[in-house]
Each structure stands twice: as structure tokens, then as C-alpha cells.
Amino acid sequence: MTLWEVFIRARRGLSHTHAGSVHADDAETALRNARDVYTRRQEGVSIWVVRASDIAASSPEEKDPFFAPAADKIYRYPTFYEVPEGAPHL
Amino acid sequence: MGEGLLDQVAEAEAELLAAADRRLSRGDDVQAWFDAVIEADQKVEPRDWMPDDYRKGLIRQIAQHAHSEIIGMQPEGNWISRAPTLKRKAILLAKVQDEAGHGLYLYAAAETLGITRAELVDALIEGRQKYSSIFNYPTLTWADVGAIGWLVDGAAIVNQVPLCRCSYGPYARAMIRICKEESFHQRQGYEILHTLSHGTPEQKAMAQDSVDRWWYPSLAMFGPPDTQSTHSAKSMGWKIKRHSNDELRQRFVDMCVPQAEVLGLTLPDPELRWNDERGHHDFTEPDYAELMRVVAGDGPCNAERMAHRRRAHDEGAWVREAAAEFAKKAATRKGEENR
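Values in this document were obtained by computation on a predicted structure and should not be read as measured data. (Residues numbered from 1 in each chain as written. Chains lettered and ligands numbered in written order. Predicted model: local features only at pLDDT ≥ 70, side-chain atom pairs only at ≥ 80, totals over all residues. Heavy atoms only, no water.)

Here we look at the overall build of chain A
The following threshold applies: In this description a helix means any DSSP run of H or I spanning at least four residues, a strand means any run of E spanning at least two, and both kinds are numbered starting from the N terminus. For a compact globule the rule gives 2.2 Å times the number of residues to the power 0.38, and the radius of gyration it is set against comes from C-alpha atoms. Buried, partly exposed and exposed residues are distinguished by accessible area as a fraction of the type maximum, computed with a 1.4 Å probe on protein chains only: under 20%, between the cut-offs, and over 50%, respectively. Whether two residues are in contact is decided by their heavy atoms, any of which lying within 4.5 Å being enough. In these tables, accessible area is a Shrake-Rupley quantity obtained with a 1.4 Å probe, and a residue counts as shielded only by the protein chains included in the view. Just so you know, the count uses Lys and Arg for positive and Asp and Glu for negative, and it drops His and the chain ends. Charge positions come from single atoms, namely NZ of Lys, CZ of Arg, CG of Asp or CD of Glu.
When its secondary structure is counted, chain A shows 2 helices and 3 strands. Put simply, chain A runs from its N terminus to its C terminus through helices and strands in the order β-β-α-β-α. On C-alpha atoms alone, chain A measures out to a radius of gyration of 21 Å, which is more than a quarter above the 12 Å that the 2.2 N^0.38 rule sets for 90 residues. Of all 90 residues assigned to chain A, the portion counted as buried reaches 23%. Sequence separation of at least 24 residues holds for 41% of the intrachain contacts in chain A that already meet a minimum separation of 6. Accessible surface for chain A amounts to roughly 6700 Å². Of this, 55% is attributable to carbon and sulfur atoms. The distance from the centre of the 11 positive side-chain charges to the centre of the 13 negative ones in chain A is 9 Å.

Below, the structure is given as C-alpha cells:
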């Protein structure tokens, strides 16, 4: 049986979040199983199921080099900038 | 009841998020990184490097936990068709369905460690992995459904709430979910016993009898005493386990005493009394020799539980085959349409 990863939108306005996984042979059954396993108490208004084998994931071992480009660009944060005294709405 | 525990679950959830914000510096040594993550109370995630024993120990523990949820459906399932009212029946159905769900959350968490569901199911069916000894006791009366909810689920919650802080991410997240749902289980059991103990003298006697039978097996759920526990020290170091067996057992006893008073039922231990010096209740330890016998397979219902689980697996074979065949056909049909 295929392993499916389950993503659930808890309420309208929120993004889908990973909830866990289920086993099923096809997408329709995977959705039903995900409903029964992960939304017994109205935890969701929308479910995505994705074949686990179709997910490409970055590996934790390459964490540093892979995410390095973001680390040394502190000018991407608003706190990098000095706001002159008296300048409104910034 | 339950509220204090639910607060602890919420606290564990908040801690998980707070710890995640701590920045850890990362060197090339994977073991040092793993140790740093544990030290900072952060979570180890599936694709992270981890020591072999950590992985193996977790698989053993999570699998045993998952199997317990699945086998745990049987003693209560025994009373679904004989629940005294339609309301009680609907509640019991929902509860047993929850146990199935908890088993599945846990199997899913175990699978992230690189073992397959089929391997886990086989290990249970072939008796290579264990489940909680408590489910090898029979449910003789309707009151037992109440005693299981109050005492067995109560003990399970005391055991499980600290697991919400466990260092392995998928297990901790599954436990947070499970504990939130378990608190309904404990309350429904308590309500059944309360109703019975405030009913006719026969009903009250039935409630008392079931508490008499379930008390010591529930105390044994916390495992052997600390002096004999084999897996504890390592588990504590890795922050999989947070409290010792004896600590949790004591916590459970202290919790149950005032609850029993409200029920108007007696806990079957003449030695049970408040110890001012210790700030805890003194109590009689369960029979650990009996626990070991039941774990080893010689409890009242071991053979029956395993036979039932095997039968359910065999009788479900055609469903698994049909689902696979259906998926294959649907895929072929789709392929033809797209041509």
C-alpha cells in the first residue's frame, strides 16, 4: 500500500499544515482515511494528500550551505535600517 | 479532573515552539549536533542524524504504544453491542474509534524512523513486539467500561502527558494530539462509575467490584519499580522519558484518591493513607511478579487478544486486495482516457 502525507487546513484563512500520514492504494481512499484519522473533531475544512514518494525534501545535512544565502543578508529585515527621528509612518 | 493535565499538554506545546526559536551553532560533528538539539530541548526530526540506539529504542517504544491502542479496542469493543443505552453506545463507539485513530497516529510516527507499517503489524501478530499488559484482563461487566476509562485511561494519561515533551518531534506531536483526546475518555469512564455508584445497591456493588479488579493492574501499567527498570536511564538522557516509573505511579495514586471519594467507592488497599511527611499517599505496590507473567504471555486474555487480532487481519485480507485491484484498474482507465 502507498504511504500518503496528509495536510490539513484547520480553518478558512489558514494554510494547510502537515498532520501525519495514512496508507491507501489510491487518492480517493487516502482522502477518506485522512478524514477518519485526522478530522474526527472538526480539525479541518480542507485536506490534501500527497504520495510520500512524490515529495522532494531538502536534507538536514546540507542545512548550512543550502540555507546560507539567507543568513548573511540582514538588510532583508526592516530592523537593519535606522529610521531618522521624527519620520512618521515607517 | 483532566484540566490540570490539559494545561500540562498546552504547556508542552508552548515549550516545543519556544525551544524551536533557540539558535544552535552547527559544526561538522553529527553526534555533537544531536546532543546540542537534545540539550536545547529542541526536537529531533525524521531526516536528522540520530544514534542507532535512539532510533531502535524509539521504534520499540512507539510500536508497543501503537499496538496497545489497537489491542486496547478489544476489551471495550466487547461491550458496544450491550451498552445500556443508545447514548452510551454512541459514546463507546466514538471512544473505540479514537483508540484506532491513536494507533494510526503512532504507527505513522514510527514509520518516520524507517520501518514500514507492514513490518510493525507482522511484529505484533507474530508476537515479536508487545502491547500493554493491562489489555490482557477481561471486561466482565458494564462497570468495567467505566473502570477502564477512569483508571486505565487515567494511568495512560499520567504516563503520556510527559511524552508530549519527548525529544522526537513526530512522537511528541502525536502525543499532544492523543492526550487532548484521552481526557474525554477518562471523563466518560468516570461518569459511568459515578452513575452506577449513585444507582441501585446492585449497581453500586458492580462499580465497586470493577474498581477492585482494575486497581492493581492499573498501578502495574507504570512498569516495574525503578530499581528493576531496564530501559529507563538511557531513555531519560535522551529526553524520551521524563519521569521514573515510581514517580508516575505515585502521581497517579495521589490523583485517584480524591476522585474515588467523590465516586463514593473504595480503592482496594487497606494500607492506602496520606503520609504528611512525604506529602504523598502511601500505598501497596502491585504484584510485579504477576505483571511479568502477564507480559510474558500468561495473562487471562493474552491468547484471546492475539487470536482476535490475527483473525481480524486475515479476514481483512480481501479488503486490502480489492483496494489494490481497484486502484490498479482506476489508474489503467485514467491512462486510457489520457491517450
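Concerning unusual backbone geometry
One non-glycine residue, Gln42(A), adopts positive backbone phi at about 55°. With respect to the helices and strands, the residue Gln42(A) is situated in the loop between α1 (27-38) and β3 (46-51). According to the relative accessible area criterion, Gln42(A) is exposed, its value standing at 77%. At Lys239(B), a residue that is not glycine, the phi angle is positive and equals roughly 60°. Mapped onto the elements, Lys239(B) comes out in the loop between α10 (232-237) and α11 (245-263).

Regarding the packing of aromatic side chains
Residues and elements named next belong to chain B. Test applied: Two aromatic rings, drawn from Phe, Tyr or Trp (for Trp, its six-membered ring), form a pair once their centres lie within 6.5 Å of each other, and the interplanar angle then sorts them: stacked below 30 degrees, edge-to-face above 60, tilted otherwise. Each ring is checked for a lysine NZ or an arginine CZ that lies within 6 Å of its centre and within 35 degrees of its normal; such an atom marks a charge sitting over the ring.
One pass over the structure, following the stated rule, counts 11 aromatic pairs over all chains. Arranged with centres 6.4 Å apart and planes meeting at 65°, the rings of Trp-79 and Trp-142 form a pair that is edge-to-face. Pair noted here: Trp-79 is in the loop between α4 (73-77) and α5 (86-111) and Trp-142 is in the loop between α6 (117-125) and α7 (143-160), with a separation of 63 residues, a long-range link. The exposure class of Trp-79 is buried, given its relative accessible area of 10%. Aromatic pair Trp-215 and Phe-252: ring centres 6.0 Å apart, planes at 20°, arrangement stacked. One end of the pair, Trp-215, is in helix α9 (residues 201-220); the other, Phe-252, is in helix α11, with 37 residues separating them in the sequence. Both residues of the pair, Trp-215 and Phe-252, count as buried. Cluster of aromatic residues (ring-pair linked, three or more members): Phe-34, Trp-49, Tyr-54 and Trp-238. Cation over ring: Arg-82 sits above Trp-79, and NZ or CZ is 4.1 Å from the ring centre.

Here's the deal with the side chain of Asp254(B)
Residues and elements named next belong to chain B. Worth spelling out the cut-off: For this analysis, a salt bridge means a side-chain nitrogen from Lys or Arg found within 4 Å of a carboxyl oxygen belonging to Asp or Glu. Counted as a polar contact is a pair of N or O atoms within 3.5 Å, where, for protein atoms, one must be capable of donating a hydrogen and the other of accepting one, and residues adjacent in sequence contribute only when both atoms are in side chains.
Note on placement: Asp-254 falls in helix α11. Of the side chains with opposite charge, Arg-278 lies nearest to the buried Asp-254, which makes no salt bridge, at 6.3 Å. Polar side-chain contacts of Asp-254 include one of 2.5 Å to the side chain of His-280. Filtering out sequence-adjacent residues up to four positions away, Asp-254 remains in contact with His-280 and His-281.

Some remarks on the interface of chain A and chain B
Test applied: Buried area counts how much accessible surface, traced with a 1.4 Å probe, disappears from two parts once they are put together, with both parts' losses summed. Lys, Arg, Asp and Glu make up the charged group, whereas Ala, Val, Leu, Ile, Met, Phe, Trp, Tyr, Cys and Pro make up the nonpolar group; the residues left over, Gly among them, are polar.
The interface of chain A with chain B comprises 19 residues on the first partner and 22 residues on the second. Regarding the contact of chain A and chain B, the summed buried area is about 1700 Å², with carbon and sulfur atoms giving 49% of it. On the surface where chain A and chain B come into contact, there are 5 salt bridges. With its nearest N and O atoms 2.7 Å apart, the salt bridge here joins Asp98(B) to Arg40(A). Run the count over chain A and chain B and you get 11 residue pairs in polar contact (both at pLDDT 80 or more). Among the secondary structure elements, those contributing two or more residues to the side of chain A that touches chain B are β2 (16-24), α1 and α2 (63-71) of chain A. Looking at the side of chain A that touches chain B residue by residue, the class counts come to 6 nonpolar, 5 polar and 8 charged.

Overview of the confidence of the model for chain A
The following threshold applies: pLDDT measures how confident the predictor is about each residue, on a scale from 0 to 100.
Per-residue confidence for chain A gives a mean pLDDT of 89, with 93% of residues at or over 70. Mean pLDDT per element in chain A: α2(A) is the minimum at 72, and β3(A) is the maximum at 97.

With respect to a negative patch on the surface
Formally: Here the term patch refers to residues with relative accessible area over 30% and no salt bridge, with like charges joined within 9 Å and nonpolar side chains (Val, Leu, Ile, Met, Phe, Trp, Tyr) within 5 Å.
Taken together, the side chains of Asp28(B), Asp29(B), Asp35(B) and Glu39(B) define an acidic patch exposed on the protein surface. Its location among the elements puts Asp35(B) in helix α2 (residues 30-39).

Side note on the pairing of strand β1 (residues 2-9) of chain A
Residue and element names in this part refer to chain A. What counts, and what does not: For two strands to pair, DSSP has to find at least two bridges joining them.
As defined by bridge partners, β1 adjoins β2 across 8 bridges and the pair is classed as antiparallel. Paired with Ile-8 across the two strands is Thr-17, which belongs to β2. Between β1 and the antiparallel strand that follows it, β2, lie 6 residues; Gly-13 among them carries a positive phi value of about 100°. Sheet topology note: the β1/β3 ladder contains 6 bridges and is antiparallel.

Here's the deal with the sheet that holds β1(A)
Residue and element names in this part refer to chain A. Formally: Lines fitted to C-alpha atoms define the axes, with helix axes restricted to the stretch in contact, and inter-axis angles between N-to-C directions lie between 0 and 180 degrees.
Strand order in the open sheet formed by 3 strands is β2-β1-β3, with antiparallel pairing between adjacent strands. Lying at the two open borders of the sheet, with one neighbouring strand each, are β2 and β3. If you compare each strand with its neighbour and ignore which way they point, the axes differ by 30° on average. Packing of α1 onto the sheet brings it into contact with β1, β2 and β3, and relative to β2 it is tilted by some 115°.

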